[in-house]
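Reading the structure
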Amino acid sequence: MDDGTELLSVTIAQIVQRLRGSQLHSQIERQAKECLHQPEIKLESLKEDVRHFLKTSGWERKLQNAVYRELHIQLPPVDPTAPAEHLKEPLAYMRKAQASWEKRILKSLNSMCTELGVPLAHMRPAAEQKELANKWNEMGTDEPDLSRFRPVYAPKDFLEVLISLRNPNHDSSEDVSTRSHWGLIQVPLNVRDVPQMREVYSELSLTTGQLGIDDHTPDMFESDYVQIGKKVVLEQDSAAAQQYSRQGCPTGLRADVWALILNSTNQPQDVMHYEQLKAGVIQHDLLVDNLIYKDVKLTASNDDYYFVFEDFLYQVLLCFSRDTAVLEHFSYNSATPPKSYIQGKVGVEECAVVYPPNGVVPFHGFSMYVAPLCFLYNEPSKLYSVFREMYVRYFFRLHSISSSSSGIVSLCLQFERLLLSHLPQLFYHLRQIGAQPLRIAFKWMVRAFSGYLSTDQLLLLWDRILGYDSLEIVAVLAAAVFAFRAENLMEVTSLASAEAVLADLSTLKVMPLIQIFLFATAI
């Protein structure tokens, strides 16, 4: 057996094992047993007849979608003898940097807890539980005193950690050009250059119809494209939906297409799960609840597009912090969920519990991962399940240190390399005046541009993230923004004036910028 076949066998075995314990498995099993009573099922052709029934009744397609999801969230199989930590992150210096960063976050959380005299978690009194249950849909009207609370960290703190990353086995003097020292990210990772990008993102080329460009011209593209989208939704095929999303999703179909790509079905059990999380929020008060309140107040509540969704954001994020199902993603995330100890049992390993229960400490701007989804889903349980899936597939990579091609370190490096190859003079000029491009672009990338672009443009960008199952396009757009404003940037003389030139991105059109940068610029 060659290596390729062996890896395929390992992948299949892993997916079978994961799906065997799922709700879908028991549903298919139940359907298969029930269909045995139907007259068209013959004993002599039992296997084929049952398989045919599952296919015609739509269960085979649901199974295909579940397998497709597993393939997208699962790590590529490695040597079975490799330690579990290598599955999370193969590079030792990245693992070490991530562990060190986690210690800082936990220290910040614990010191806030001590300073304010607030416990990490406590049971709410009955009167408070009743009050919260009554105002669940209007939490934005409540104004708790948040003045003492501060975000555990902001993106700029995280950027400093990424800038200090070094591979101890790499001698940077071996780099072929001095240009590789111009940027802030000094780790050797493989990122795609423009010719490779053109190949991978061929559907974004100038000759292919795009929503975000061609829907503004009076030809037949949009009406034909909408009809294809309706067929994709009708067929309920995740793979087809993902391919379709590469050219953008029509506004009326986007919610269904995204849910299909993410295999987020909002079954009765999903609604029940959401209600259980809601009950957990009502029963227990966590310190991180205040961080969530504070973040929403500092970001979405002040945003012209998102302030109306304040209540939804509280509901989704408070439930998310209690969802232990999120812990599963730590098997392929370089991060490790933080732990705290039961009161009076500090240091006793048996009394260590994951805190917050989902293992994710919110930071300044975290609520902006949810805000754009509020435009698509008005049912809290559906909004919640789509956000959770987006988080465990994509967003976690934006605030953890890893060597993944969609990880924030690679995105930063990709942004710097793209800008260097396209506009070396601009890069050099900004560097000379102390306005390193990454210091400006990092805040855009860490939020996947949420809160910076107008919502319609942001959703067109996220269409492509889902369509290509990668965050790389975020780095491309960041470089394209600099290219678009290059003339003005060449005139600036300080970081403050460079930031002023790039302060307002709300008028930008995403797809023309990306197309021109990748396909209409000579390199």
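Overview of the structure.

Definitions and limits used
- Residues numbered from 1 in each chain as written.
- Predicted model: local features only at pLDDT ≥ 70, side-chain atom pairs only at ≥ 80, totals over all residues.
- Heavy atoms only, no water.
- Helix = DSSP H or I, 4+ residues; strand = E, 2+ residues; numbered from the N terminus.
- Rg over C-alpha atoms; globule rule 2.2 N^0.38 Å.
- Buried < 20%, exposed > 50% of the residue type's maximum accessible area, 1.4 Å probe, protein only.
- Areas by Shrake-Rupley, 256 points an atom, 1.4 Å probe, with all protein chains shown as cover.
- Lys, Arg positive; Asp, Glu negative; His and termini not counted.
- Charge placed at Lys NZ, Arg CZ, Asp CG, Glu CD.
- Salt bridge = Lys/Arg side-chain N within 4 Å of Asp/Glu carboxyl O.
- Contact = heavy atoms within 4.5 Å.
- Expected span 1.5 Å × (residues − 1).
- Phe/Tyr/Trp six-rings, centres within 6.5 Å; stacked < 30°, edge-to-face > 60°.
- Axes fitted to C-alpha atoms, helices over the stretch in contact; angles between N-to-C directions.
- Parallel < 35°, antiparallel > 145°, perpendicular 65-115°, else oblique.
- Left-handed = near helix turned anticlockwise from the far one by under 90°.
- Nonpolar A, V, L, I, M, F, W, Y, C, P; charged D, E, K, R; others polar.
- Core = buried A, V, L, I, M, F, W, Y, C linked by side-chain atoms within 4.5 Å.

Looking at the overall build of the protein
Counting its secondary structure elements, the protein contains 24 helices and 4 strands. What you see for the protein is a C-alpha radius of gyration of 24 Å, in line with the 24 Å of a compact globule of 523 residues. Each principal axis of the C-alpha distribution contributes one length, and for the protein these read about 80 × 60 × 55 Å. Each of the 523 residues in the protein was classed as buried or not, and the buried ones make up 52%. When the accessible surface of the protein is split by element, carbon and sulfur atoms take 54% of a total near 24700 Å². Computed over 49 positive and 62 negative side-chain charges, the inter-centroid distance for the protein is 3 Å.

Details of the pattern of salt bridges
Scanning all chains against the criterion turns up 13 salt bridges. Of the charged contacts in the structure, one is a salt bridge between Arg254 and Asp463, with a shortest N-O distance of 2.9 Å. With Arg254 in helix H12 (residues 254–261) and Asp463 in helix H20 (residues 455–468), this residue pair connects regions lying 209 residues apart in the sequence. Judged by relative accessible area, which is 4%, Arg254 ranks as buried.

Some thoughts on the environment of Phe395
Along the polypeptide, Phe395 turns up in the loop between helix H16 (380–393) and helix H17 (408–422). The exposure class of Phe395 is buried, given its relative accessible area of 1%. In the structure, Phe395 is positioned 76 residues away from Leu471 in sequence and 8.8 Å away in space, judged by C-alpha atoms. Once you skip the residues sitting within four places of it in the chain, Phe395 turns out to touch Tyr369, Phe387, Met390 and Trp462.

Brief notes about H20
In an α-helix, one turn spans 3.6 residues, which is why side chains three or four residues apart end up on the same side. Taking 1.5 Å as the rise per residue, H20 with 14 residues should run 20 Å; its terminal C-alpha atoms sit 20 Å apart, in good agreement. Burial analysis of H20 places 13 of its 14 residues in the buried class, the great majority of the element. Looking one or two residues beyond H20, the residue adopting positive phi is Asp469, at roughly 50°.

Details of the packing of aromatic side chains
Centre distance and the angle of the planes are the two values used to describe a pair of aromatic rings. Here the structure, examined in full by the defined rule, presents 28 aromatic pairs. Taking 4.8 Å as the distance between ring centres and 75° as the angle between the ring planes, the aromatic pair formed by Trp101 and Tyr153 counts as edge-to-face. Placement of Trp101 in helix H6 (residues 92–116) and of Tyr153 in the loop between helix H7 (126–134) and helix H8 (155–163) is noted, with a sequence separation of 52 residues between them. Residue Tyr153 is classed as buried on the basis of its relative accessible area, which comes to 5%. When the centroid spacing of 4.6 Å and the interplanar angle of 10° are considered together, the rings of Tyr369 and Phe395 count as stacked. With Tyr369 in the loop between strand E4 (352–354) and H16 and Phe395 in the loop between H16 and H17, this pair connects stretches of sequence that are 26 residues apart.

Topic: the packing of helix H11 (residues 238–245) against H12
Following both chains from N to C, one finds H11 and H12 inclined at 125°, their axes separated by 8 Å at the closest point. Relative to H12, the element H11 lies oblique. The element H11 and its partner H12 pack so that their crossing is left-handed. When H11 is examined against H12, the residues Ser238, Ala241, Gln242, Tyr244 and Ser245 are found in contact with a partner set consisting of Val257, Trp258, Leu260 and Ile261. Among the residues making up the contact of H11 with H12, the classes are represented as 6 nonpolar, 3 polar and no charged.

Structural notes on unusual backbone geometry
Of the consecutive residues Tyr355 and Pro356, the connecting peptide bond is found in the cis state with omega at -10°. With respect to the helices and strands, Pro356 occurs in the loop between E4 and H16. A positive phi is found at Gln236, a non-glycine position, where the angle reads about 55°. Topologically, Gln236 is positioned in the loop between helix H10 (221–235) and H11. We classify Gln236 as partly exposed; its relative accessible area is 39%.

Examining the side chain of Ser205
By secondary structure assignment, the location of Ser205 is in the loop between helix H9 (194–200) and H10. If we ignore the near neighbours within four places in the chain, the residues touching Ser205 are Gln210, Gln515 and Phe519.

Describing the side chain of Arg464
Relative to the assigned elements, Arg464 resides in helix H20. No salt bridge forms around the buried Arg464; measuring N to O, its nearest opposite-charge neighbour Asp463 is 4.3 Å away. Excluding anything up to four places from it in sequence, Arg464 contacts Leu204, Gln210, Leu211, Ser245, Arg246, Gln247, Gly248, Asp469 and Met511.

Regarding the packing of helix H19 (residues 437–446) against helix H21 (residues 472–484)
Two elements in contact, H19 and H21, have axes whose closest approach is 10 Å; the angle formed by their N-to-C orientations is 135°. Looking at the two axes, H19 sits oblique to H21. Where H19 crosses over H21, the handedness of that crossing is right-handed. Taking contact as the criterion, the partners of Pro437, Ile440, Ala441, Trp444 and Met445 in H19 are, on H21, Val474, Ala475, Ala478, Val481 and Phe482. Here the residues of the contact of H19 with H21 are counted per class, giving 10 nonpolar, no polar and no charged.

With respect to H21
Over its 13 residues, H21 runs 19 Å from end to end, which matches the ideal 18 Å to within 8%, given 1.5 Å per residue. Across the 13 residues of H21, 11 count as buried, placing the element largely inside the fold. Turning to H21, its buried residues number three or more, namely Glu472, Ile473, Val474, Ala475, Val476, Leu477, Ala478, Ala479, Ala480, Val481 and Phe482.

Quick notes on the nonpolar core
Phe387, Trp444, Phe449 and Phe482 are the most contacted members of the largest nonpolar core, which totals 160 residues. The element best represented in this core is H21, accounting for 10 residues. Membership of the second largest hydrophobic core comes to 9 residues, among which are Leu24, Cys35, Phe53 and Leu54.

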